[in-house]
Amino acid sequence: MDVPSLLGKELRWGRHKLLALAAVFVVLPAVFAYVTVGFQHVLPTDAPIAVAPRTAAVTGDDLRVARAAVTVFSDPVIYQSRADALTALGREQVYAVVSVPPALADSARGAAAFTVYIDGSVVPYHEPSRAIVRLLQSGLGTAIPRDVTVSREFVGTQYSLSTYLVPSFVVSLTAIVALGYLPQTFEAEAAVLDRLRVETSLYAVVASKLLFFAALLVVPLVVFDAVTAVIGGSVSVLGVATLAVVVVTFLLLGLVAVAIQLLAGFGVWGRILNLLVLLFVLGFSGVVYPVGFFSPARRWVVRQVPTHYAVVTVRGLVLRGQPISTYADWLGGLVAAVGVAALVAGGTIELYERRA
Amino acid sequence: MITATDLTKTYGETTALAAVSVAWDEGLHCLAGPNGSGKTTLLRVLAGLTRHDSGSVTVPESLGVAFQTPNVYADLTVAENLDVFGALAGATDEWRASLVDQLRLDPVAGRTAGALSGGFQKKLDLALALLKRPDALLLDEPLADLDPATRRRLVDTVTRYSAEHTVVASTHHLNAFADDYATLTVVRDGRLLDSWDRPAAPNDPGSVYDRLLDRENGF
């Protein structure tokens, strides 16, 4: 029989590729399982919530009492003005703003009316916010000597889950192009790389490839808007600010992908590493679930990942209609990250030249 | 003019080049030696594709290279390959047409390079190397795996070009260049074994080369 002989060949081949096989059949499923299980915890128990004064008459004691009442189901942060708290809400640094009325300890006053502001664009938080209102009502009812009413108000448009996922699609596509498709086309250049190095330089090859795909990324945005216009959708993704974030994000991830491929000498390891980075980016950028839904440790990790800020910015631009200036510091950070990635990629080009 | 002085290159424990010095002026210069002798490494160092450990290299700024394994875009047609590298080289339409004509690439201009036979890929690779009319041309095994007719066509093109430029060809097919070469250099184990200038060079370089290697091997 030929099959047993060929199976024997596969086993011998596998012995030489143990690390690659372990990466594909052990590490990848483990990462996938971790990411998936993480998504099951959809009811946040310690999401950051802003506690802010409704008026100037609200004292520090009032805010501290309110904060104590929400501590059991969130990680409260006191803001000194409601405007600052709402800005933080728009940047997804907090997922609700509890607006605190004055004189909570004054039993002579009537009912204390609290308002919980929820951003209409953060759809996964809509349902949990109902529970938060109930918990707040009961918690504050026992903490202060006044009757308590808690109302819930949405800031901005209240979107459906499918619309909420539109920015997720934009960033995910950018990551897939940068870490999936770009490396594949770069690998195809390997067969002609020596000629390119004679006729031009690796720097020029990398730059042209990044520019080409960065320009190409405008196409899916146009297509999305065209299809949405035909079927009567409510959001538009095509805009200068969104495109700027997409291009900067692509350049960052694309430079990482190129650096990995050059380090791996265009081998199978380059493909596997880029795939792992892609999974990491998709799993640890808060692409689908807001970062507040994660454990504190994972939340910390997500906040160190530059693409997380790209996700929140695109959500803010597309769904909340906020100006790019709201996210100027993050965009600056992304551009700085591109600069660092460019330096690293430049280093790998030099290393590749030395090894060649 | 290509000059290299005391070139040394090692890969870990393996010495690919050991203090190799060469000086090649206008004309066709053949570089011979058994497999693994350091021919390709020497050409790659001269082309700036591989960094040497010590020694010095001087090559013209305009340098063309034809590779042992053709460096062509397999997914592009022959014409598109010529377009891409012609634009990089700043090739004129006349020169490009002349190369296509000399190397008989017209019949396959619309075919993807990856679908071509090895011979046509070699010819395309040579055409790409010549697009910028380089002052010096390096050829790594340009005649390997070619049928006699294709081999003759490449030899004609290379010989014609060497009349006014420096051309270095590493090859096992020395007799194919027997009428035209200016110098013959033999390397082995990264060392220069011997070299001849044309007046003193053998008319039958293949047999001389074989005898030289036999002597080295103790036969």
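Nothing here was measured: the structure is a model prediction, and the numbers come from that model.

**Points about the overall build of chain A**
Within chain A one finds 14 helices and five strands. Viewed in the frame of its principal axes, chain A has a C-alpha envelope of about 90 × 50 × 45 Å. Here chain A holds 356 residues, and 37% of them are scored as buried.

**Some thoughts on the packing of helix 6 (residues 161-188) of chain A against helix 11 (residues 268-283) of chain A**
All names here are of chain A. Helix 11 packs onto helix 6 with a crossing angle of 175° between their chain directions and a minimal axis gap of 9 Å. Classified by the angle between their axes, helix 6 and helix 11 sit roughly antiparallel to one another. The residues of helix 11 that touch helix 6, namely those facing S172, A175, I176, L179, G180 and P183, are G270, R271, N274, V277, L278, V281 and L282. A per-class count over the contact of helix 6 with helix 11 returns eight nonpolar, four polar and one charged.

**Some details on the interface of chain B and chain A**
Taken together, the contact pairs 16 residues of chain B with 12 residues of chain A. Of all the secondary structure elements, the ones that give two or more residues to the side of chain B that touches chain A are strand 5 (63-66) and helix 2 (78-89) of chain B. If one sorts the elements of the side of chain B that touches chain A by residue count, helix 2 of chain B sits on top with three residues. Looking at side-chain class alone, the side of chain B that touches chain A contains 12 nonpolar, two polar and two charged residues.

**What about the domain arrangement of chain B?**
All names here are of chain B. Partitioning chain B into domains gives domain 1 (1-61 + 136-218) and domain 2 (67-134). For domain 1 and domain 2, the distance between their C-alpha centres works out to 24 Å. The interface of domain 1 with domain 2 comprises 15 residues on the first partner and 13 residues on the second. If you list the elements that add at least two residues to the side of domain 1 that touches domain 2, you get strand 6 (136-140) and helix 5 (148-162). In terms of residue count, the dominant contributor to the side of domain 1 that touches domain 2 is helix 5 (five residues). When its residues are assigned to classes, the side of domain 1 that touches domain 2 shows seven nonpolar, three polar and five charged.

**Some points on the environment of A89 of chain B**
Along the chain, A89 of chain B falls in helix 2. Spatially, the C-alpha atom of A89 of chain B lies 8.5 Å from that of R133 of chain B, the residues being 44 residues apart in sequence. Excluding its chain neighbours within four sequence positions, the residues that come into contact with A89 of chain B are E199 of chain A together with L131 and K132 of chain B.

**Concerning the pairing of strand 7 (residues 166-170) of chain B**
The buried fraction of strand 7 of chain B amounts to five of the five residues, a majority that puts the element mostly inside the structure. Of the two faces of strand 7 of chain B, the one carrying T166, V168 and S170 of chain B and the one carrying V167 and A169 of chain B are both buried.

**Considering the sheet that holds strand 9 (residues 191-197) of chain B**
Through backbone hydrogen bonds, the strands of a sheet pair up, either in parallel or in antiparallel fashion. Residues and elements named next belong to chain B. Reading across from one edge, 5-6-7-3-8-9 is the order of the six strands in this open sheet, with mixed pairing throughout. Among the strands making up the open sheet, the edge pair consists of strand 5 and strand 9. This sheet shows a mean twist of 15° between the axes of neighbouring strands, independent of strand direction. As judged from the six bridges shared by strand 8 (residues 183-188) and strand 9, these two strands associate in the antiparallel manner. Each bridged residue has a counterpart across the sheet, and for T185 the counterpart in strand 9 is S195. Relative to the sheet, helix 4 (residues 118-130) contacts strand 5 and strand 6, its axis offset from that of strand 5 by approximately 175°.

The rules behind each value
Residues numbered from 1 in each chain as written. Chains lettered and ligands numbered in written order. Predicted model: local features only at pLDDT ≥ 70, side-chain atom pairs only at ≥ 80, totals over all residues. Helix = DSSP H or I, 4+ residues; strand = E, 2+ residues; numbered from the N terminus. Buried ≥ 20, exposed ≤ 12 C-beta atoms within 10 Å, placed from the backbone. Axes fitted to C-alpha atoms, helices over the stretch in contact; angles between N-to-C directions. Parallel < 35°, antiparallel > 145°, perpendicular 65-115°, else oblique. Contact = placed C-beta atoms within 7 Å. Nonpolar A, V, L, I, M, F, W, Y, C, P; charged D, E, K, R; others polar. Domains from an automatic or database assignment. Pairing = 2+ DSSP bridges.

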